[in-house]
Amino acid sequence: MAFVVGENCINCKHTSCVEVCPVNCFYEGPNFLVINPDECIDCEECVPACPIGAIYSEDDLPEDQEHFLDINAELSDIWPQITEVKEALPDADKWDGIEGKLNYLER
Amino acid sequence: MPTQRKYQPTEKAQAFLAKVENAKYDRGIITGLKKYIDKKVSEDMQDFYSEEELQVLIDMKNTDRDVEARMPVKITNHYYQIAKNSKAVQTLVKASPKETFDLEGAPDPGNQMSYSPIEGLIHKYELGLIYVINTCSAHCRFCYREELIAKKEILREDGTVASKGLAKIPELVNYIQEHNKLVEENGGKHPETNREKLREILMSGGDAMVLGNKNLAEWFSALADAGIESIRLGTKELAFYPDRFDRTFFNMVDDFHAAYPEVQLRVMVHFNHPDEFLQKDDNGNYIENPEGGLLWIENTKHAVKELADRKFIIIENQAPFIKGINEDPNDIRIMQRELKRNRINNHYFFCGRDIIGHKAFNLTIEDAWKLLNDSQKGLSGVEASARLSITHYLGKTEVVAVTNEPIPGIPGTENGVVIFKLLRGTADAKNKGQVAIVGRNPEAIWFSGYEDRVIIDEAGLFTESMKETSSVS
């Protein structure tokens, strides 16, 4: 069980979640963040911290985003840890809420 | 006064923090009942809840009797392995419909919000308790911080309603320094509250040990630099996930000790039952260790030994007595003996608090006293150091004695009396040691059960002001 970063983070990457995570379980790629499901301790702090509602409890993950479970598990093993907030991506506002962003995920 | 948003470690702290290493922990946590309902737990775990048990809990979903809304369901793999073979541990960790049969209780047990000068800090006595996290690796069904863990909205002193937030380092450091400065300028007591200097902070939640080493280390160095002399770590991780006490953790605390040699760590552990740390044979019996004592679960033993080997660490156990979990004096006797042998002090046992749903969990006050007293028959003095405490709104109170004999000539004492003693007031210590004596009520599970039979109330436990803040339906 864990929390999962969903599609809306792609090309936005506000990073406000990483600061509130008590166990530092966020990992960073070029245009997306992921949660390591084994390290997440289900505190839920990151959910309200995300300004664009991109983080879900595994149980509440929309059906059309279920593949993000595997994406979070896989990429958190490869990407480096992120613990400090940084600037959101430059076009974050423009990308918020756009559908089908998975095509833009850079690994 | 505005505070810095981000913690700025001192140079000394930076040097310490630079050495700290985080590790990865695979706790194998299962949260929520949905996983069991959808059969998404491992095959081994599928019978942990029977079909019938799950159906009853499903039917309660989204009603006011929803057990998961009262307290989220959560377990680690380590704790599941213990629970499989322990009825007591199952009662501790498995959701039960009994929890919400009667929802009487206080939304903010202990009236904590009235002792909270900044978010996430409860300042009582000479001690500050901080919420550093709002979850644990697994959840005890009887948790008395259910309002924090379940993120329930609480009425604040200022009339607003919001869930309880976590403490932040800059605000807390600022508060400690301001408080201690005022105390010092005023000759050792705070000019308004009369409280002592803040010397000790209890990192609680939730379980402080779910934080990573780096986060723990930031708290440690910030508290030490603010002048705190003893840091308490409130944790049930020795029961839920003892492997959290790993090499990286001990490297961190050793580096902390090297940098801050005068700061003591007080690890406040929470064992309710010996099944949580002792090995059992196929017949469910504890196993004699040929070297002495009983055989412990190996990784738990290792963690305790590592903690106990460090002179700047003391370990204290405190736990509530809960119906169906730890009501057998033989279990409690074995627990006190084995903990002490392994350098864990027996600090307090607690009567259950008046949390929402407390009637499902609380033993009667008189049964709890008898349980501790019976458990200590056959223990040596050093093993039997624990006291039975019940947390009154005025402060921590000891249930000192329950008598069977009446007090001659005093009406209301025909069946004997119960003697309470206030151990500490919530503000200053002026009422420490004051006593209340009440006629017995074998049914009483909270102070309210004695309101109609008070004999002496020097401590003021049964005054009108107490009633106003006591349990609400």
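Conventions we followed
Residues numbered from 1 in each chain as written. Chains lettered and ligands numbered in written order. Predicted model: local features only at pLDDT ≥ 70, side-chain atom pairs only at ≥ 80, totals over all residues. Heavy atoms only, no water. Helix = DSSP H or I, 4+ residues; strand = E, 2+ residues; numbered from the N terminus. Rg over C-alpha atoms; globule rule 2.2 N^0.38 Å. Buried < 20%, exposed > 50% of the residue type's maximum accessible area, 1.4 Å probe, protein only. Contact = heavy atoms within 4.5 Å. Areas by Shrake-Rupley, 256 points an atom, 1.4 Å probe, with all protein chains shown as cover. Lys, Arg positive; Asp, Glu negative; His and termini not counted. Charge placed at Lys NZ, Arg CZ, Asp CG, Glu CD. Patch = residues over 30% accessible without salt bridge, like charges linked within 9 Å, V, L, I, M, F, W, Y side chains within 5 Å. Salt bridge = Lys/Arg side-chain N within 4 Å of Asp/Glu carboxyl O. Domains from an automatic or database assignment. Buried area = accessible area lost by both parts, 1.4 Å probe. Polar contact = N/O pair within 3.5 Å; in protein donor to acceptor, adjacent residues only side chain to side chain. Nonpolar A, V, L, I, M, F, W, Y, C, P; charged D, E, K, R; others polar. Phe/Tyr/Trp six-rings, centres within 6.5 Å; stacked < 30°, edge-to-face > 60°. Lys NZ or Arg CZ within 6 Å of the ring centre and 35° of its normal. Arc of directions from axis to C-beta.

### A look at the overall build of chain B
Turning to step 1, where the next piece is worked out: Looking only at helices and strands, chain B features 15 helices and 16 strands.
Turning to step 2, where the next piece is worked out: In terms of overall size, chain B behaves like a compact globule, its C-alpha atoms giving a radius of gyration of 23 Å where 473 residues would be expected to give roughly 23 Å.
Turning to step 3, where the next piece is worked out: Taken over the C-alpha atoms alone, chain B extends approximately 70 × 65 × 50 Å along its principal axes.
Turning to step 4, where the next piece is worked out: By residue count, 56% of the 473 residues in chain B fall in the buried class.
Turning to step 5, where the next piece is worked out: Within chain B, contacts between residues separated by at least 24 positions form 72% of all contacts whose residues are at least 6 apart in sequence.
Turning to step 6, where the next piece is worked out: Surface accessibility of chain B: about 20100 Å² in total, with carbon and sulfur atoms responsible for 49%.
Turning to step 7, where the next piece is worked out: Separation of charge centres in chain B, based on 61 positive and 72 negative side chains, amounts to 3 Å.

### Concerning a negative patch on the surface
Turning to step 1, where the next piece is worked out: Taken together, the side chains of Glu63, Asp64, Glu66 and Glu99 of chain A make up a negatively charged region of the molecular surface.
Turning to step 2, where the next piece is worked out: By the secondary structure assignment, Asp64 of chain A is in the loop between strand S4 (55-57) and helix H3 (67-76).

### Quick look at the domain arrangement of chain B
Residues and elements named next belong to chain B.
Turning to step 1, where the next piece is worked out: What the domain assignment reports for chain B is domain 1 (11-24 + 104-384), domain 2 (30-100) and domain 3 (393-473).
Turning to step 2, where the next piece is worked out: Inter-centroid distance (C-alpha atoms) of domain 1 to domain 3 is 27 Å.
Turning to step 3, where the next piece is worked out: Contact between domain 1 and domain 3 buries roughly 2400 Å² in total, counting both sides, with carbon and sulfur atoms accounting for 57%.
Turning to step 4, where the next piece is worked out: Broken down residue by residue, the surface that domain 1 buries against domain 3 is led by Tyr125, Ile365 and Glu366, which jointly contribute 32%.
Turning to step 5, where the next piece is worked out: The tally of links from domain 1 across to domain 3 stands at two salt bridges.
Turning to step 6, where the next piece is worked out: Glu366 is paired through a salt bridge with Arg440; the nearest N and O atoms lie 2.9 Å apart.
Turning to step 7, where the next piece is worked out: Summed over the shared surface of domain 1 and domain 3, the result is eight residue pairs in polar contact (both at pLDDT 80 or more).
Turning to step 8, where the next piece is worked out: Counting residues per element, the ones that place at least two in the side of domain 1 that touches domain 3 are strand S3 (121-124), strand S11 (345-350) and helix H14 (365-375).

### What to know about the interface of chain B and chain A
Turning to step 1, where the next piece is worked out: If you look at the interface, chain B gives 21 residues, while chain A gives 20 residues.
Turning to step 2, where the next piece is worked out: Summing both partners gives a buried area of about 1700 Å² for chain B against chain A, and 41% of it is carried by carbon and sulfur.
Turning to step 3, where the next piece is worked out: The largest contributions to the chain B side of the interface with chain A come from Lys24, Thr31 and Lys35 of chain B, which together make up 23% of the buried area.
Turning to step 4, where the next piece is worked out: On inspection of chain B and its partner chain A, the count reaches three salt bridges.
Turning to step 5, where the next piece is worked out: Across the contact surface, chain B and chain A share 10 residue pairs in polar contact (both at pLDDT 80 or more).
Turning to step 6, where the next piece is worked out: By residue class, the composition of the side of chain B that touches chain A is six nonpolar, six polar and nine charged.

### Some remarks on the packing of aromatic side chains
Residue and element names in this part refer to chain B.
Turning to step 1, where the next piece is worked out: Following the criterion strictly, the structure yields 23 aromatic pairs over all chains and no others.
Turning to step 2, where the next piece is worked out: With a centroid separation of 6.5 Å and an interplanar angle of 35°, the aromatic rings of Tyr36 and Phe48 are classed as tilted. Of this pair, Tyr36 sits in helix H2 (residues 34-37) while Phe48 sits in the loop between H2 and helix H3 (51-60), and the two are 12 residues apart along the sequence.
Turning to step 3, where the next piece is worked out: Classification of Tyr36 by relative accessible area gives buried; the value is 5%.
Turning to step 4, where the next piece is worked out: Taken together, a centroid distance of 4.4 Å and an interplanar angle of 35° make the contact between Phe277 and Trp296 tilted. Taken together, the residues Phe277 in the loop between strand S9 (264-269) and helix H12 (298-308) and Trp296 in the loop between S9 and H12 connect sequence positions 19 residues apart.
Turning to step 5, where the next piece is worked out: Judged by relative accessible area, which is 0%, Phe277 ranks as buried.
Turning to step 6, where the next piece is worked out: The lysine or arginine in question, Lys94, covers the ring of Phe48, its NZ or CZ lying 5.3 Å from the ring centre.
Turning to step 7, where the next piece is worked out: Over the ring of Tyr49 we find Lys94, and its NZ or CZ is 5.1 Å from the ring centre.

### With respect to H12 of chain B
All names here are of chain B.
Turning to step 1, where the next piece is worked out: Among all positions of H12, only Thr300, Ala303, Val304, Leu307 and Ala308 are buried. The buried residues of H12 occupy an angular sector of 130° when projected down its axis, which confines them to one face.
Turning to step 2, where the next piece is worked out: Those residues of H12 that are buried lie in contact with helix H5 (77-83), helix H10 (237-240), helix H11 (247-259), S9 and strand S10 (313-320).

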